[in-house]
Amino acid sequence: MVDGQIQIQNYNTGNSKNNWDLNKIKLKHKTICEYEYAKKDIQKGYANRTLYVNLSNGIIKEKKVTEEMKKLFTGGRGFGLKLLWDSIKPNTRWDSDENELIITTGPLCGVTQYPGSGKSLCLTISPSTDIICDSNVGGFFGPYLKFAGFDAIEIQGKAKEDVIIIIDGEKGKISIETAPLEETNSHMISEQLTQMYASENNDESKQKISIVSAGKGAENSYWGCLNFSFYDIRRKYPRLKQAGRGGLGSVLRNKKIKAILTKVEKFDGVSNNPADAETLAKVGTKLHREIRDLDRYQCNMRAVGTVHLVEIMDDYDLLPTENYRFGSFPKASKLYSPNFYKLFTKIIPDGCWHGCTMACAKTVDCFTVMTGPYKGEKVTVDGPEYETVGCGSNMSIWDPLWILEFNFYCDTYGLDTISTGTAIAFYMEMYEYGILNKKRCDGLELCFGNAEAVLEFMHRIARGEKSDFIAIASKGIRRVKDWLIKNKWGDTHIIEECGMESKGLEYSEYVTKESLAMQGGYGLTLKGPQHDEAWLIFMDMVNNAIPTFKDKAEALHYFPMWRTWFGLNGLCKLPWNDVEPRNNAEIDDPSKVPEHVQNYVDYQNAVTGWDVNKEELILQSERCYNWQRAMNVWLGRGRRKDDWIPYRSMGPVTVMEYISRKDRYDKNLIEKIGISDEKIEKMETEEKIKIIYDFRKDQYQKLSDAVYYRRGWTPNGVPTPEKMKKLGLKDTKMLKMLQDKIVKDEKAGLNNWGGNYKNKNEKPNNGIKYW
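Residues numbered from 1 in each chain as written. Predicted model: local features only at pLDDT ≥ 70, side-chain atom pairs only at ≥ 80, totals over all residues. Heavy atoms only, no water.

Comments concerning helix H29 (residues 685–711)
Where we set the bar: Runs of H or I in DSSP of at least four residues are treated as helices and runs of E of at least two as strands, each being numbered from the N terminus. In a helix, the anticipated span is given by 1.5 Å times the number of residues less one.
Taking 1.5 Å of rise per residue, 27 residues should cover 39 Å, and H29 covers 38 Å from first to last C-alpha, within 8% of that figure. Glycine 712, located one to two residues past H29, shows a positive phi value of around 80°.

Shown next as C-alpha cells:
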C-alpha cells in the first residue's frame, strides 16, 4: 500500500506474445484526407455541431445543430434518426454506399456527477432486418466525441481499402488514414491504436483515447457488433464495451473501416458547461448515496453486475434453455452469479465511465484462452453480462469458463453474443430433429451441449470460410429458416415457430411464454426482439399488475417511451431501476420508480437550462419513437405482419414442451379457454397444443390492436399524420409518405383490427369492454 492506495498487479494480459513494431505499422499509413476545425466549448450539454465523413469522395464537413433540432429530437438516438432521414433513401440497404453508420452522444453524455452518463448511441440500417437498428454502448468514445467538438459522427460511403478515422480533439483535426498492417480483431487493434496515438507514453495520455472497432467475425456475418474502448489505468489496458444488436459492426467493416479513434485534450466534471452545476451535483450525490447504501441489498450490481439475474430467471422459469423450450434446468446453478463472482477481479472499480458508482462492468483478468488463434494467451474478458450467460444456458452449456471463452471470442471477433448464441441454439434444435445434420453443417456436430463445436463454428466465421452452411448460418435465423424450407429439409411449422427471431433479429435471453405483455415487449418494437424497450415479465406474469389489455397497452406505451429517453440523452438505464429508494415499494406506480424519474427531470434541466417536467420527458421520446416507426414504414417494414413473433415465444410448440409444464397448460385450458377437466383428460397432447396455439395467437393479435390504438397508430401499425402533427412533427415528406401508405393499406384491406372479436363493442376503438 502506497499513500493509502492498494497497489494492484499490472493486469495487461492481452498481448503477452505480441512484439509489434508500431513505428513500422504507422509508417505504412497513407493520409487520404484531412479537415481542420475550430475547437469550441460545450454549451449546456451540446457541442452544437455534428461531423459528416464520406469515405467514397473524401468529403468531411460540419453540420450545425439548430435549436429546432434539439427541440424535436433532443439528442443521441434522436439526432441519429434525423441525420439518417436526411441522407438515405427508402431502398437503401445495409451494404448500400449511402447507408450511414452514426454514433451520437446526447446532452447528458459525459457528465461525471450522475451515475450512468457515458453512453453512445449507434444507428444504421441493419443487415439482419433491413430497417434502422439502434444500440447503446458504454466506454469513453461518446463523451470524448463530444469533448472533441461533435454531438455525432455520421459516416457515409465506402473506402477502397482499410482505413481508420481519427478525430483529434487536441489539434482540432479530422483525418482518414489507410491502415494496412493493423490487426482487425478488437482486443488487438484497440491496444495498438491506443499506444500508437497517445501523445505521450503514459497512462494519462492513453486514457484520453477511445477506439471503435469490429473484428473478423463482423466481416463475415450479419451479427457484427461495435467494440468501444476505455483505457483502464489500473489494468493498463484498453477494455471493451459493445454496441451489440443488429449488425452495426458488419456495416463498419463493409465500409472498410478498421477503427474510429477519438482523442481529447482534457475534460473534467464541468466540461459539459451545465446551466446549473449546483443542482446537478446535488441530484447526482443523492443517487451515489443510494447506490452505496442499497445496491448490496437489492441487485448487487457492484459485486456481480447483471449476472445476478441468472438465478432469478431460473427460479421463475424464465431462463432460456435448449432454444427457449424450457425456462429452468437442473444444471442451471452452475451458472449462478456466485460462480462468476469467484472469477471476477476484486477491488478494482469497474465503471465504464467516470463517476458511475454502479460499476457493473465486471471483468475477469488473466483468463487463459483455450481455443482458436489466441490459444494459451492470457487476456482480459469484459463480462460476462446476463445475456451472454443466457446464451450458454440456451445452448445447454453449463461451464462458467466456457462462457468466458465464448464471451472473449464474440467480443474480439466483433460478434453480438445474443444473436450468435440464440441462432446457434436454434441450429442445435434443428440438429436434434434431423433437419440439420453433420453433413449439412459442414462436419460440425451442432447438438445441444457441444461446446467445442460452437467455438469451432465461430472460428470458421472469423476465418471467412465460404462453405454453404457457414455462409448462410452466419447471416442468422431468418436466412437459415428460408434455406431449410427452400430445401424441404423439415416441417415448415417447426422451423418457423422454433426459430426465435422477429423482423430478422434474434431474441434476447428471456422466456416469454407466460407473459403476453413481454411477448408484445419483444414483437411490438422498433428494431426487433430486444429487452431494452420494455421488460414487463415481472409486472405481468409474477405480480399480475397489468391484467387487462388496457393495462398491458398502457405499459407498452409508457415503458418503451421512458426507456427511449435514456438513448436520447446518452444515459444508461440501470441507475433508474436497478437500485431503488428504500420506500419505493410503498408509493404509487413503484414500477416507474417515480423519485428517480424526478431525478432525471432535475438532471436534464440542470444541464440544458430547460424547464421540462416528467410528461415532457415522455413527449421527447414519443417524437423520436414515432419518427423511427415512420422511417421503418418508409423502408418497407413497420406493419402488423412485421410485428409477428414465433409461437415458441407464446407457448409450447412441441409435445415435449407441453408435457414439461403439463399442469400449467392444462390449467390454462380450464381457466382461460373454458374446457372441462373431463374433456381435457380425453384429449391427445397435440390437440391441447393446437387449442392453446389458436387462443394465444388471438390474444397476441388483440394485444397488438390495443397497443396500436394506444400509440395512435392505424390497425396496421402505421403512425398517422395526425399523430405526428400532434407531436410537433411536421416534415411534409414524411407526412405525405405516411398518408400514402395508409391509403394503400386501406385499399388492400389491411386497416382492420387483428383480433377475433365476438362483437364490435370489444374492439379497441368501439367500446369500453376492451378497456
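Read on for the rest.
What about the state of the cysteines?
Going by this rule: Disulfide assignment relies on a single distance test, namely cysteine sulfur atoms paired within 2.5 Å. Exposure classes here rest on a 1.4 Å probe applied to the protein chains alone. A residue is buried below 20% of its type maximum, exposed above 50%, and partly exposed in between.
Taken as a whole and assessed by the stated rule, the structure comprises zero disulfides. Cysteine 572 carries a free sulfur, and the closest cysteine sulfur to it, the one in cysteine 360, is 5.9 Å from it. The buried category is assigned to cysteine 572, whose relative accessible area is 13%.

Comments concerning the environment of methionine 313
For the record, the criterion: Working rule for contacts: check all heavy atoms of both residues, and any pair within 4.5 Å makes them a contact.
Relative to the elements of secondary structure, methionine 313 occurs in helix H11 (residues 309–315). Here the alpha-carbon distance between methionine 313 and valine 511, two residues 198 residues apart in the chain, equals 8.8 Å. Setting aside residues up to four positions removed in sequence, methionine 313 forms contacts with Leu318, Leu319, Gly327, Tyr386, Tyr510, Trp535 and Phe538.

A word on the side chain of glutamate 290
Counted only if it meets this: For the purpose of charge, His is not counted, nor are the chain termini; Lys and Arg are scored as positive and Asp and Glu as negative. The salt bridge definition used is simple: a Lys or Arg side-chain nitrogen within 4 Å of an Asp or Glu carboxyl oxygen.
Among the structural elements, glutamate 290 can be located in helix H9 (residues 277–294). For the buried glutamate 290, which has no salt bridge, the nearest side chain bearing the opposite charge is lysine 286, at an N-O separation of 5.4 Å.

As for the sheet that holds strand E5 (residues 120–125)
The line we're drawing: When DSSP locates at least two bridges between a pair of strands, those strands are taken to pair. All axes are obtained by fitting lines to C-alpha atoms, using only the stretch in contact for helices, and the reported angles, taken between N-to-C directions, cover 0 to 180 degrees.
Read across the sheet, six strands follow the order E3-E2-E7-E4-E5-E6 without closing on themselves; strand pairing throughout is mixed. In this open sheet, the two strands that pair with only one neighbour each are strand E3 (60–64) and strand E6 (132–137). Between one strand axis and the next, the sheet turns by 20° as a mean value, whatever way the strands run. Here strand E2 (residues 49–54) pairs with strand E7 (residues 152–156) via four bridges, running parallel. Considered in E7, the bridge of tyrosine 52 is made with glutamate 154.

Digging into the domain arrangement of the protein
Selection rule: In this document the domain limits rely on a domain assignment from an automatic tool or a database. Accessible surface is computed with a 1.4 Å probe, and the buried area is the amount of it that two parts give up when combined, taken over both parts together. Charged residues are taken to be Asp, Glu, Lys and Arg, nonpolar residues to be Ala, Val, Leu, Ile, Met, Phe, Trp, Tyr, Cys and Pro, and polar residues to be all remaining types, Gly included.
Domain annotation for the protein reports domain 1 (8–263), domain 2 (299–506) and domain 3 (516–579 + 612–762). When each unit is reduced to the centre of its C-alpha atoms, the spacing between domain 1 and domain 3 is 34 Å. Domain 1 puts 37 residues into the contact, and the matching count from domain 3 is 30 residues. Surface buried jointly by domain 1 and domain 3 totals about 2,900 Å² across both partners, of which 62% is contributed by carbon and sulfur atoms. Viewed at the interface, domain 3 and domain 1 are joined by one salt bridge. Put simply, aspartate 134 and lysine 527 hold a salt bridge, and the shortest N to O gap is 3.3 Å. Residue assignment for the side of domain 1 that touches domain 3 shows that the elements contributing at least two residues are helix H2 (67–73), helix H3 (77–85), E5 and E6. For the side of domain 1 that touches domain 3, the element with the most residues is H3, which contributes six residues. Classifying every residue of the side of domain 1 that touches domain 3 by side-chain character gives 16 nonpolar, 12 polar and nine charged.

What about the pairing of E7?
Successive residues of a regular strand alternate their side chains across the two faces of the sheet. Summarising burial for E7: five of the five residues are buried, a large majority. Taking every second residue as pointing to the same face, both faces of E7 are buried, with Ala152, Glu154 and Gln156 on one and Ile153 and Ile155 on the other. Where strand E4 (residues 100–104) and E7 come together, five bridges link them in antiparallel fashion. Bridging from a neighbouring strand, isoleucine 102 pairs with glutamate 154 of E7.

Considering the sheet that holds strand E13 (residues 257–263)
One open sheet holds the seven strands; their spatial order is E1-E9-E8-E13-E10-E11-E12, and the pairing between them is mixed. Edge positions in the open sheet fall to strand E1 (31–36) and strand E12 (237–243), since each of these has one partner strand only. Sheet twist, expressed as the mean angle between neighbouring strand axes with direction ignored, is 20°. The sheet contact formed by strand E8 (residues 163–168) and E13 spans six bridges and is parallel. Bridge pairing in E13 links aspartate 168 to lysine 263. Strand contacts of helix H4 (residues 141–148): E8, strand E10 (209–213), strand E11 (226–232) and E13, with the helix running at about 60° to E13, the strand carrying the most contacts.

Thoughts on the nonpolar core
The nonpolar side chains of a soluble globular protein tend to be buried, and buried together. Worth spelling out the cut-off: Buried Ala, Val, Leu, Ile, Met, Phe, Trp, Tyr and Cys residues form a nonpolar core when they are joined through side-chain atoms within 4.5 Å.
Among the nonpolar cores identified, the biggest contains 142 residues, and Met395, Tyr427, Phe457, Phe469, Trp562, Tyr600 and Tyr603 are the most heavily contacted of them. Counting residues per element, this core draws most heavily on helix H22 (residues 549–569), at 10 residues. If sequence neighbours within four positions are ignored, phenylalanine 469 has contacts with Tyr427, Leu436, Arg440, Cys441, Asp442, Leu446, Phe457, Ser474 and Trp483. One finds Trp94, Ile165, Val212 and Leu248 within the second-largest nonpolar core, a separate group that totals 35 residues.

Quick notes on the environment of phenylalanine 267
Summarising the element assignment, phenylalanine 267 is placed in the loop between E13 and H9. Judged by relative accessible area, phenylalanine 267 falls into the partly exposed class, the value being 23%. In this structure the C-alpha to C-alpha distance between phenylalanine 267 and proline 143, which are 124 residues apart in sequence, comes to 9.3 Å. In this structure, phenylalanine 267 is in contact with Tyr144, Phe147, Trp353 and His354, ignoring residues within four places of it in sequence.

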